[in-house]
Amino acid sequence: MTTIATSSQAAGYRRQTPVPVHSRPNLTDDYERWYTEAAPNNRMLLSLRSGIDSEVAWALDRLCRLCQNEQFMLRAIPGLTDALFEWPEWYTNEGAKQYTDEAVFFALPTHKERRRRHAIESLFIMRNAAMHPSNAEELTLHPKTQQLVLRTLHELQPDSDANSEYLLYVIEILQSIAVNVILPPPSTSPRDSPIGPLQQIAGSSSNRSLIIASLTALTVIYSNPANTSHLTAQSPALETSMNVLPLILDKELIDAALNYMYAHLSYPPMTKAFLLHPRMPGTLRLLVSLILADQMEENVSFEIGIPAYTAPAQTFAAKDHELTKEELDSLLAIPEPQRCYEWMKTMFVAKPDGELTQVDFWNLYKDVFLPYQDRHPLLVASDVIKNVNTVFPQAQAMVLPGPPQRFVVRGVDRRKDFSESAPFKCQWDRSQCSAAVFASTDALYEHILDQHLNPFEGTHMPCLWAACQQSDITKAQMRGHVLTHLPDTQPTPKHPSQPDNITLPGPGFPHPIPEPTTRPPPPARSTRVTYMRPHVDPPPSSLTALLCLRVLFRASFASSDTAPRADEDHFGFPGLVDDPEDDTEEERNKTSESDLEGERRGRKAFIGIRYLMEDVRLRHETFQGWVTEMVDAGLTGTTA
C-alpha cells in the first residue's frame, strides 16, 4: 500500500496556536444555541419570513419559549421585530374581516385557524418580551407599534370571541409602552388616540380579562400628566370601576378598578366633578368596606392595676386512705394470705403510672397487723410483695438500676379520701372516680347514672360508693340506693356576676378559714385593658382605596377652613391672611357655585361614613392619621 504524504507531514509537525472560542450568551431553552445567533440568516427569522405554515409554526413555538427568558432581546436578532409584526398586521388589516362572520356559527378551517394562531402567537411573543425594559423601549420606538395598536383598537370588534385573545395581547403591549405615550390634543381625530376604544371596552365588555387590561392601560396612560386633558367626567371606565367595587373576592379586578379610579380622581377637575356624581356617597362606603374587609387585627390585652391573689371558691382536699375501725375488725378475723389480699384491696388501687417502694409497702402491712400477730402470724416481706401481682395483675415488683438501686412496686397507688369540703364529689369506684366536683346534687346524680349505672351490664350489681357494703342490689333498686349517699341539701346558687374565685388580701393568706367574714378586705379588683390593633400592613388595594378617600376628602373640605382676610376689624390676629396685593389673585381662585355644591355634598357623605371609618385601623402612623382626620371631620364638619 502506498502512503501519500501531505505537505504538512513532509514539513514535520508544527505547533499550532489554538483559536480562541468566544462564549455565546446562553439564551436557549435547552435546544441548540445557534438558533439565537444575532445574524440576518438566523433560522428562526428565515422561517418566519418563509410563508410556509409549518416553518412559521416551528419558529413561533420556539420563540414562545424563548421570550419567557429574561435575557431574550428582540434587537439581538436583526429583523426579528419586523418579522413578528407581519402576521398581526395581516390579521388586523385583512384576516379579522374574513374570520369574524365565519367564527360565529362554524369552526374555522384548519389553514385559516393556523394563520390566526400565527398572529396571536406573534403578539404573545412581543407581549412577553415587552416586560423587559429594553424590549419595551424597542417596541416603543418601532414605527409599526403605534399603527398596529390604533388600527386594532379602532377596527376589531371587541365583543367577538375570535378577537378577544388578540385584543388582549395588543392592550397588554400598550400597557408596556404606555408610560412613554403622549396622546395628541383632544381636538385631533379620535382615531389617533387609543382612549375611545379603551373606554368602550372597559365600559361595555363582558370579558373580564379585557376589562382588567383596558383599565390598566388607561391607568398607565393617565398617570402621565401630559395626558390628563383627555379625562372626562362621564367616563365609562369610571362607571365600571364603581360597578365592580362590591366584588371584593376578585382581587385582580378590584386592583385594576381602584388604580384607575385613583388615576382619574388625581386630576383636580375630575375630583370636583365626582363630588357631584350621584353615586359618590355609595362609592365612599364601598371604599371603606374594602379597607375593612382586608383589615387583619389581633387582640391585645394588658393589666394596668396591681395583681390579684385568688383561691378557688370551693376546695376539697385529698389524703391517703387509712383503715377505719370497722375495716380493721373485719380484716383481723381473716387468716393469711386472704387477709393480705383484702388489705391490699382496701388500701390500694390500680394505677398504671403509680409507684411505691417495696419498703413502704411492707411497712404499711407490718404497722397494721404487727400488734395482732398473736391471732394470725404475719407474712414475710417477700410474700407480701409477691401478693401484689395476685391482687393487681397489672402491677409488678421490679428493681430500678441506679446508683442507687431502687426496689419498687409499679402499677398501684394509695387509695385517696376526700374531705367534706367537696359535698358534690363523686365517690364511686371506692372514691376513685376522676370526675371533677359538681355544682349540685342533680348534676352529681346524672353523672352517676350516665357513667356508672347505665353502662353496667347485668341485673344485679354491687354499690361501689366509698365504703358502702351493699354487694348485691338490682340495677333498678340501685338508682334509688345511690340517693342515700348524696347530700340532702343543695347550696344556694350564686349570682351570675359572682366569680368562681375568691380574692384574698395578699399572697399566702390562708384559705379556707373558719370565719371568712373576719378576713381583711381584698385590694381593688384588677383592671385589664383589651383592644384590637392591626398586626400586618394592609394590601395594596386597601392603600389605593385610602388614597381615593384622601383625595375626595381634601376636595370636600378644601374651603371649609379658609382663613378670613385681614381688614380693619381683623388686624394682627393669628391665622389671618394679610395680602397687600390687589384682589386679582382672589378673583382668579374664586370658587364656583358648582364647586361649593360639590364640597357640601362631599362633607355630607364623609359625615355619613364616619361610623364606618371609626373601625378602620392601620398599622402605619401616617395612614392612621389620615383616618383620624376624616373621623374628626365627620364629627365637626370641618378639618379644624
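Residues numbered from 1 in each chain as written. Predicted model: local features only at pLDDT ≥ 70, side-chain atom pairs only at ≥ 80, totals over all residues. Heavy atoms only, no water.

Overview of the overall build of the protein chain
Going by this rule: Numbering of helices and strands runs from the N terminus, with a helix taken as a DSSP run of H or I at least four residues long and a strand as a DSSP run of E at least two residues long. Under the scheme applied here, a residue whose accessible area is under 20% of the maximum for its type counts as buried, over 50% as exposed, and between as partly exposed, the area being computed with a 1.4 Å probe on protein chains only. In this analysis, two residues are considered to be in contact whenever any of their non-hydrogen atoms come within 4.5 Å of each other. Per-residue accessibility takes into account occlusion by the displayed protein chains alone, with areas from the Shrake-Rupley method and a 1.4 Å probe.
A tally of regular secondary structure across the protein chain gives 26 helices and 11 strands. By residue count, 38% of the 640 residues in the protein chain fall in the buried class. Pairs at least 24 apart in sequence give 69% of the contacts found in the protein chain among residues at least 6 apart. Entry remark: accessible area of the protein chain is about 36800 Å², with carbon and sulfur atoms responsible for 54%.

So, the side chain of arginine 339
Relative to the helices and strands, arginine 339 is located in helix 16 (residues 338-347). Not counting residues up to four positions away in its chain, the partners in contact with arginine 339 are Leu331, Leu332, Ile334, Tyr365, Phe369, His376 and Pro377.

What to know about the confidence of the model for the protein chain
Test applied: On a range of 0 to 100, pLDDT expresses the predictor's confidence in each residue.
On average, residues of the protein chain score 80 in pLDDT, and 82% of them are at 70 or above. Confidence drops under pLDDT 50 across residues 562-566; counting only partners more than four residues distant or on other chains, this segment forms 10 contacts. Of the regions scoring below 50 in pLDDT, residues 582-590 engages in one contact with residues more than four places distant in sequence or in other chains.

Remarks on the nonpolar core
Here is the rule: Definition of nonpolar core: a set of buried residues of the types Ala, Val, Leu, Ile, Met, Phe, Trp, Tyr and Cys, connected through side-chain atoms within 4.5 Å.
With 103 residues, the main nonpolar core has Leu48, Leu63, Leu84 and Tyr166 as its most contacted residues. The element best represented in this core is helix 8 (residues 161-177), accounting for 10 residues. When sequence neighbours within four positions are dropped, the list of residues in contact with leucine 48 reads Val56, Ala59, Leu60, Leu63, Leu80, Ala83, Leu84, Glu86 and Trp87.

Notes on the packing of aromatic side chains
So the rule is basically this: Two rings from Phe, Tyr or Trp (for Trp, the six-membered ring) form a pair when their centres are within 6.5 Å of each other. A pair whose planes differ by under 30 degrees is stacked, one over 60 is edge-to-face, and the rest are tilted. Only when the NZ of Lys or the CZ of Arg is both within 6 Å of the ring centre and within 35 degrees of the ring normal is a charge said to sit over the ring.
The tally for this structure, following the rule as stated, stands at 15 aromatic pairs. Their ring planes at 45 degrees and their centres at 4.6 Å tell us that tyrosine 91 and tyrosine 166 sit as a pair that is tilted. One end of the pair, tyrosine 91, is in helix 4 (residues 80-105); the other, tyrosine 166, is in helix 8, and 75 residues separate them in sequence. Relative to phenylalanine 606, the ring of phenylalanine 557 lies with its centre 6.3 Å away and its plane at 65 degrees, an arrangement referred to as edge-to-face. Taken together, the residues span a long stretch of sequence, with phenylalanine 557 in the loop between helix 22 (540-556) and helix 23 (584-588) and phenylalanine 606 in helix 24 (residues 593-608) at a distance of 49 residues. According to the relative accessible area criterion, phenylalanine 557 is buried, its value standing at 5%. Given the relative accessible area of 2%, phenylalanine 606 is considered buried. Put simply, the rings of Trp343, Phe348, Phe361, Trp362, Tyr365 and Phe369 pair up and form one aromatic cluster. The ring of tryptophan 58 carries arginine 43 above its face, with NZ or CZ at 4.3 Å from the centroid. Seen from the ring of phenylalanine 369, arginine 339 lies directly overhead, with NZ or CZ sitting 4.2 Å from the centre.

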